[in-house]
Amino acid sequence: MTDTRGPQPQTGAEAGQERPAQPYHPPQAYSAPSGPGAPRGGAGGAQRKPRTGARMTPRTRKARLRVAKADPWSVMKVSFLLSIALGICTIVAAVVLWMVMDAMGVFSTVGGTISEATGSNESNGFDLQSFLSLPRVLIFTSVIAVIDVVLATALATLGAFIYNLSAGFVGGVELTLAEDE
């Protein structure tokens, strides 16, 4: 068998000489900067300066992704927590609104007008203040909030199932993500 590689350089052991062991330094694309503020110990050379017409802003990388499937279990958990938060906000808003309206005297004014309009000589008529008391308003708002939690969780989970079915036909929603500049 013949060697077709051509002449090969001989190492120090093959040539009969010994070379001193030196660390390997990979080739550098640019020479090390020199001058004040440059790191010490490097070889001297000219520092590369940017061109005047060069683009100085970094390029933004973009990626196109497709949402192929939404896991119904994770959608259910997230929608449950968000609807719980919405229910708590609803209850707090109802209490604050009731307190503001009570402090402004809305219930007593409207209640007096309604009792005059519905009253007769024997009875006082409809009492709005006892009907719209804070405990009744809290119970009604809590019932509405619980129904909202159940319905929102069920509808979001059903929406995830429907999305998965339609994504199987059309491929899903495509998103373009980009890095911050």
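Anything mentioned here points back to the structure above.
These numbers come from a predicted model, not from an experiment.

Analysis parameters
- Residues numbered from 1 in each chain as written.
- Predicted model: local features only at pLDDT ≥ 70, side-chain atom pairs only at ≥ 80, totals over all residues.
- Heavy atoms only, no water.
- Helix = DSSP H or I, 4+ residues; strand = E, 2+ residues; numbered from the N terminus.
- Buried < 20%, exposed > 50% of the residue type's maximum accessible area, 1.4 Å probe, protein only.
- Contact = heavy atoms within 4.5 Å.
- Areas by Shrake-Rupley, 256 points an atom, 1.4 Å probe, with all protein chains shown as cover.
- Expected span 1.5 Å × (residues − 1).
- Salt bridge = Lys/Arg side-chain N within 4 Å of Asp/Glu carboxyl O.
- Polar contact = N/O pair within 3.5 Å; in protein donor to acceptor, adjacent residues only side chain to side chain.

Asks: Account for the overall build of the protein, naming residues and giving values.
Replies: From N to C terminus, the protein includes 5 helices and 2 strands. The order of helices and strands in the protein, counted from the N terminus, is α-β-α-α-α-α-β. Here the protein holds 181 residues, and 13% of them are scored as buried. Long-range contacts, defined as pairs at least 24 residues apart, comprise 68% of the intrachain contacts of the protein with a sequence gap of at least 6. For the protein, the exposed surface amounts to about 15,400 Å²; the carbon and sulfur share of it is 63%.

Asks: Help me get a handle on helix α2 (residues 72-104), residues and values and all.
Replies: The α-helix advances 3.6 residues per turn, and as a result positions three or four apart in sequence lie on the same side. With 33 residues, α2 should reach 48 Å at 1.5 Å per residue; the first-to-last C-alpha distance of 47 Å fits that figure. Residues of α2 that are buried include every one of Pro72, Ser79, Ser83, Gly87, Ala94, Val95 and Trp98, and no others. Where α2 is buried, its residues meet α3 (106-118) and α5 (134-170).

Asks: Go over the environment of Gln129, please, and point to the residues and values.
Replies: Looking at the element boundaries, Gln129 is found in helix α4 (residues 128-131). Once the C-alpha coordinates of Gln129 and Gly112 are considered, the two residues, 17 residues apart in sequence, prove to be 9.2 Å apart. Non-local contacts of Gln129, meaning those with residues more than four positions away in its chain, are made with Phe107 and Ser108.

Asks: Describe the pattern of salt bridges, listing the residues and the values that go with them.
Replies: Using the criterion set out here, one finds 2 salt bridges in the structure. Between Arg61 and Glu179 there is a salt bridge, with its nearest N and O atoms 2.4 Å apart. Here Arg61, found in the loop between α1 (12-15) and β1 (62-67), pairs with Glu179, found in the segment after β2 (173-178); they are 118 residues apart in sequence, far enough to count as distant. The class for Glu179 is partly exposed, based on a relative accessible area of 41%.

Asks: Go over the environment of Arg61, please, and point to the residues and values.
Replies: Judged by relative accessible area, Arg61 falls into the exposed class, the value being 60%. Separated by 118 residues in sequence, Arg61 and Glu179 place their C-alpha atoms 5.9 Å apart. Excluding residues that lie within four positions of it along the chain, Arg61 makes contacts with Leu177, Ala178 and Glu179. Within the structure, Arg61 has its side chain in polar contact with the side chain of Glu179 (distance 2.4 Å).

Asks: Got a sec to walk through α5? Specific residues and values, please.
Replies: If you check α5, its first and last C-alpha atoms are 51 Å apart, about what 37 residues at 1.5 Å a residue would give, namely 54 Å. Val137, Thr141, Ala145, Val149, Thr153, Thr157, Ala160, Asn164 and Ala167 are the residues of α5 that are buried. The inward-facing, buried residues of α5 contact α2. Positioned one or two residues after α5, Gly171 has a phi angle of 100°, which is positive.

By themselves these figures say nothing about function.
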